[in-house]
Structure formats: structure tokens, C-alpha cells
Amino acid sequence: MVEHLKTYGVISSEKVAEVMEGIDRAFFVPDGNAPYYDSPMPIGYNATISAPHMHATCLQLLEENLQPGMHALDVGSGTGYLTACFALMVGPQGRVVGVEHIPELVASSISNIQKSAAAPLLKEGSLSVHAGDGRLGWPEHAPYDAIHVGAAAPEIPQALIDQLKPGGRMVIPVGSIFQDLKVIDKNLDGSLSVRNETSVRYVPLTSRDVQLRGG
Ligand code: SAH
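Each value, and the rule that gives it
Residues numbered from 1 in each chain as written. Predicted model: local features only at pLDDT ≥ 70, side-chain atom pairs only at ≥ 80, totals over all residues. Heavy atoms only, no water. UniProt positions renumbered as here; feature names shortened; annotations may be inferred. Near = heavy atom within 4 Å. Polar contact = N/O pair within 3.5 Å; in protein donor to acceptor, adjacent residues only side chain to side chain. Areas by Shrake-Rupley, 256 points an atom, 1.4 Å probe, with all protein chains shown as cover. Buried < 20%, exposed > 50% of the residue type's maximum accessible area, 1.4 Å probe, protein only. Helix = DSSP H or I, 4+ residues; strand = E, 2+ residues; numbered from the N terminus. Salt bridge = Lys/Arg side-chain N within 4 Å of Asp/Glu carboxyl O. Core = buried A, V, L, I, M, F, W, Y, C linked by side-chain atoms within 4.5 Å. Contact = heavy atoms within 4.5 Å. Arc of directions from axis to C-beta. Axes fitted to C-alpha atoms, helices over the stretch in contact; angles between N-to-C directions. Left-handed = near helix turned anticlockwise from the far one by under 90°.

- The protein carries the name Protein-L-isoaspartate O-methyltransferase in an unreviewed UniProt entry, which gives Carya illinoinensis as its organism.
- Under the Catalytic activity (unreviewed entry) heading, UniProt states for the protein: "[protein]-L-isoaspartate + S-adenosyl-L-methionine = [protein]-L-isoaspartate alpha-methyl ester + S-adenosyl-L-homocysteine".

Written out as C-alpha cells, the structure is:
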């Protein structure tokens, strides 16, 4: 899978290739699905695990902000795949927090991570996954060098902007039917630089009730 993504130019970073090879998707996709197929897959609760090429794109966009020792927040952490990749990037001196509002997915993501190469980081506490409304971020370990949002927001939540460190970067899909993957850099003076990376299709960042009703 990683070789394929390299051949097609999706992965150009050796570090990202190494991390995606290190975290085996087979532990994260529900049984009966082809883990290395480049497509999103349903994980229950009206949610999906993102396609490998989207995981690769987000890791590359955030690579500079996922250096050893840095802090990262993964909102809508779902299966925990990308959260685990972030943890391998920042290492034991870093801090990675996943926030997911479906408690059952929090529980299954923790057991997925326990089977993966990120298990020691979960055990030592540099990686944690919590049940909560990710629109509020996770103030305890803020400010973050990297914030990833795995669900599409109607607008960028202010709490996430507030929890982004000056010099930090957030990658977030914004929109409803038509969505742009936005890259938001917080400059050292606190101002924001925003650009659109690509058009995407993510599940909505919403309340648990709305999501479980099917939007
Ligand atoms: N990156 C994850 C994506 C999962 S899909 C993966 O690849 O596995 C998006 C996730 O966002 C879903 O699990 C959904 O339950 C969650 N979500 C949606 N709105 C949320 C909110 N307000 N707070 C926390 N999680 C949310």
C-alpha cells in the first residue's frame, strides 16, 4: 500500500512512509474489509476510516509540526489510525491526544492501538484517546503544534484556533456538501494564514445525536 502511494506521488516523505508502514491498518479496519485498499470504509456509527491517501496527505501536511517532542491533537480520532501515526512521529517525549465523541469508538480505538506499534506510547501515557466533543479541543495539553480534524466542520471552531500554538498548523476539512481541506498556519504574531489544499468528502463534525440520527 505504501509503495503504491509512493509510486503515485502521494507519499514523498520517507518519514511518513516509515510511519505508515509501522502502523498496520489491518488492526484498525473492521474485520471483513480489505485493509490496504485505498478507499474510506465504514466503521459504524455513521463514521468511516479515511482512505490511506488522505491519511498520507494529512501526515505530510503536518510533518514539520510532528517533530519529536511536539504536541498534537486529533479531533474525530475514529479508529485511532492517524492518532497512532502522530504518536510515532512525536515519540515518547511528545504528546498526542485523540478526541472522539462516540464512546464505543474510543474504546475500540484504544484496543486497536494496543495491537499496533504505538502500544508502548499509549502505555507510557504520551498518547491518549478521550471521549468528548472535539469542537472544544482538549485544553489540558494545549497549545498544540499540530491539530488534525477528521470530520468536516461548517466553520473552524474557535476553541481549536485558540489551542493552536503560534508556529503551529491545523489541517481541517471545512464545508457541508462541498468541502475544502484547509491548511491553517498560526503565525508567530498570532495571525492566521489559510489556504485550500484540495476538495474532500468527510463525515460532518457535529453533535453525537445528529450523527447517530444520520445527519
Ligand atoms: N481519522 C479518523 C476519521 C474518522 S471519521 C479515522 O480515519 O479513523 C470522523 C470521526 O469524527 C468519526 O469517528 C466521528 O464520530 C467523529 N466526530 C464527528 N463529530 C465529532 C465531534 N463533535 N467531536 C468528536 N468527534 C467527532
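That shown, we press on.
## A short note on the site of the ligand
Thought 1: H55, T79, E100, G134 and T206 are the nearest of the 25 residues found near the ligand.
Thought 2: Note that a nitrogen atom of the ligand is positioned 3.2 Å from one of the backbone N or O atoms of H101.
Thought 3: At 3.0 Å, a side-chain N or O of D133 approaches a nitrogen atom of the ligand.
Thought 4: Protein contacts shield 99% of the accessible area of the ligand, which totals 570 Å² for the unbound molecule.

## A few points about helix 3 (residues 52-62)
Along an α-helix, residues three or four positions apart point the same way, because every turn accommodates 3.6 residues.
Thought 1: Counted residue by residue, helix 3 has nine buried out of eleven residues, so it is predominantly covered.
Thought 2: P52, M54, H55, A56, T57, C58, L59, L61 and L62 are the residues of helix 3 that are buried.

## Re the pattern of salt bridges
Thought 1: Counted according to the given criterion, the structure contains seven salt bridges.
Thought 2: Here K6 ties to E14 by a salt bridge, and the two come within 3.7 Å at their closest N and O atoms.
Thought 3: According to the relative accessible area criterion, E14 is exposed, its value standing at 55%.

## Topic: the nonpolar core
Thought 1: With 47 residues, the main nonpolar core has M20 and L66 as its most contacted residues.
Thought 2: Here this core takes eight residues from helix 4 (residues 81-90), the largest share from any one element.
Thought 3: Those residues within four positions of M20 in sequence are excluded, and the remaining contacts are M1, V2, L5, I11, P52, H55, A56, L59 and Y81.
Thought 4: With 18 residues, the next largest nonpolar core counts W138, V149, A153 and L160 among its residues.

## A word on helix 2 (residues 14-22)
Thought 1: Within helix 2, burial applies to V16, A17, V19 and M20. Looking straight down helix 2, one finds its buried side chains confined to an arc of 165°; they lie on one side. The exposed residues of helix 2 that point more than 90 degrees off its buried face are E14, E18 and E21.
Thought 2: The elements touched by buried residues of helix 2 are helix 1 (2-7), helix 3 and helix 4.
Thought 3: The distance from a side-chain oxygen at the start of helix 2 to the backbone nitrogen of K15 is 3.3 Å, and the residue carrying that oxygen is S13.

## A word on the packing of helix 3 against helix 4
Relative orientation and spacing of two packed helices are given, respectively, by the angle between their axes and the distance between those axes.
Thought 1: Axis separation between helix 3 and helix 4 bottoms out at 11 Å; the angle between their running directions is 35°. Note on packing geometry: the crossing formed by helix 3 with helix 4 is right-handed. Contacts from H55, C58, L59 and L62 in helix 3 reach Y81, L82, C85 and F86 in helix 4.

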